[in-house]
Amino acid sequence: TKEAEAARQKGLKWLAKAKPRDTEDRTWHLRALVATRADRGRIEEAREGLLALRLEDGSWPQLPGRGGDAYATATALMALRAAGMK
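Keep in mind that this is a model prediction, so the values were computed, not measured.

A. The nonpolar core, seen in detail. Leu-30, Leu-33, Ala-38, Ile-43, Leu-50, Trp-60 and Leu-80 are the most contacted members of the largest nonpolar core, which has 15 residues in total. Leaving out residues up to four positions away in the same chain, Trp-60 has contacts with Thr-23, Leu-50, Leu-51, Leu-53, Arg-54, Gly-68, Asp-69, Ala-72, Thr-73, Ala-76, Leu-77 and Leu-80.

B. Structural context of the packing of helix 2 (residues 23-35) against helix 4 (residues 70-82). Remark: helix 2 packs on helix 4, axes separated minimally by 9 Å, with the N-to-C direction vectors making an angle of 20 degrees. In terms of orientation, helix 2 lies roughly parallel with respect to helix 4. At the point where helix 2 passes helix 4, the crossing takes the left-handed sense. Contacts between helix 2 and helix 4 involve Thr-23, Glu-24, Thr-27, Leu-30, Arg-31 and Val-34 on the former and, on the latter, Tyr-71, Ala-72, Thr-75, Ala-76, Met-78, Ala-79, Leu-80 and Ala-82. For the contact of helix 2 with helix 4, a count of residues per class yields 9 nonpolar, 3 polar and 2 charged.

C. Local environment of the side chain of Thr-36. For Thr-36, the position within the fold is in the loop between helix 2 and helix 3 (40-51). A residue is classified by how much of its surface remains accessible, and Thr-36, at 16% relative accessible area, is buried. For Thr-36, the side chain forms a polar contact with the main-chain oxygen of Leu-33, separated by 3.3 Å. Look past the residues within four positions of Thr-36 in its chain and what remains in contact with it is Arg-8, Leu-12 and Leu-15.

Calculation notes
In every chain, residue numbers begin from 1 and rise along the written sequence. Selection of residues for local features in this predicted model requires a pLDDT of at least 70, selection of side-chain atom pairs for listing and counting requires 80 or more, and totals for whole chains, interfaces and linings are taken over all residues. Note: side-chain values were computed over all heavy atoms of the structure, leaving out hydrogens and water. For this analysis, a nonpolar core means a set of buried residues of the types Ala, Val, Leu, Ile, Met, Phe, Trp, Tyr and Cys, connected via side-chain atoms within 4.5 Å. Burial classification: accessible surface area is computed with a 1.4 Å probe over protein chains only, and a residue below 20% of its type maximum counts as buried, one above 50% as exposed, and the rest as partly exposed. In this description, contact between two residues means that some pair of their heavy atoms is separated by no more than 4.5 Å. An axis is simply a line fitted to the C-alpha atoms; with a helix, the fit covers only the stretch in contact. Between two such axes, the angle follows the N-to-C directions and lies from 0 to 180 degrees. Only DSSP runs of H or I reaching four residues or more are called helices, and only runs of E reaching two or more are called strands; each is numbered from the N terminus. Reported orientations rely on four angle classes, namely roughly parallel under 35 degrees, roughly antiparallel over 145, roughly perpendicular from 65 to 115, and oblique for the rest. Each helix crossing is assigned a hand: it is left-handed if the near helix lies turned anticlockwise from the far helix by less than a right angle, otherwise right-handed if that turn is clockwise. Each residue receives one of three labels: charged for Asp, Glu, Lys and Arg, nonpolar for Ala, Val, Leu, Ile, Met, Phe, Trp, Tyr, Cys and Pro, and polar for the others, Gly being one of them. In protein, a polar contact requires one atom able to donate a hydrogen and another able to accept it; more generally it is a pair of N or O atoms within 3.5 Å, and residues adjacent in sequence count only if both atoms are side-chain atoms.

Given below as structure tokens:
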């Protein structure tokens, strides 16, 4: 419907301005871009931003400067999967 498309466009505008700060922010930002069918370039950029936070052991930290944990790693992996990574 017209209303749904207007809401999607409004969401995309908000997502374009959003500046994710940590793993949780980047995870949900990526998932929101996928859910709103953002253009592929924006999804890839968000995916790369999340991948950049991965630690040497393959895990993700909740906050910068911390060690990886199961929750942050699982949510990051689910977001990456939703964004097309195997």
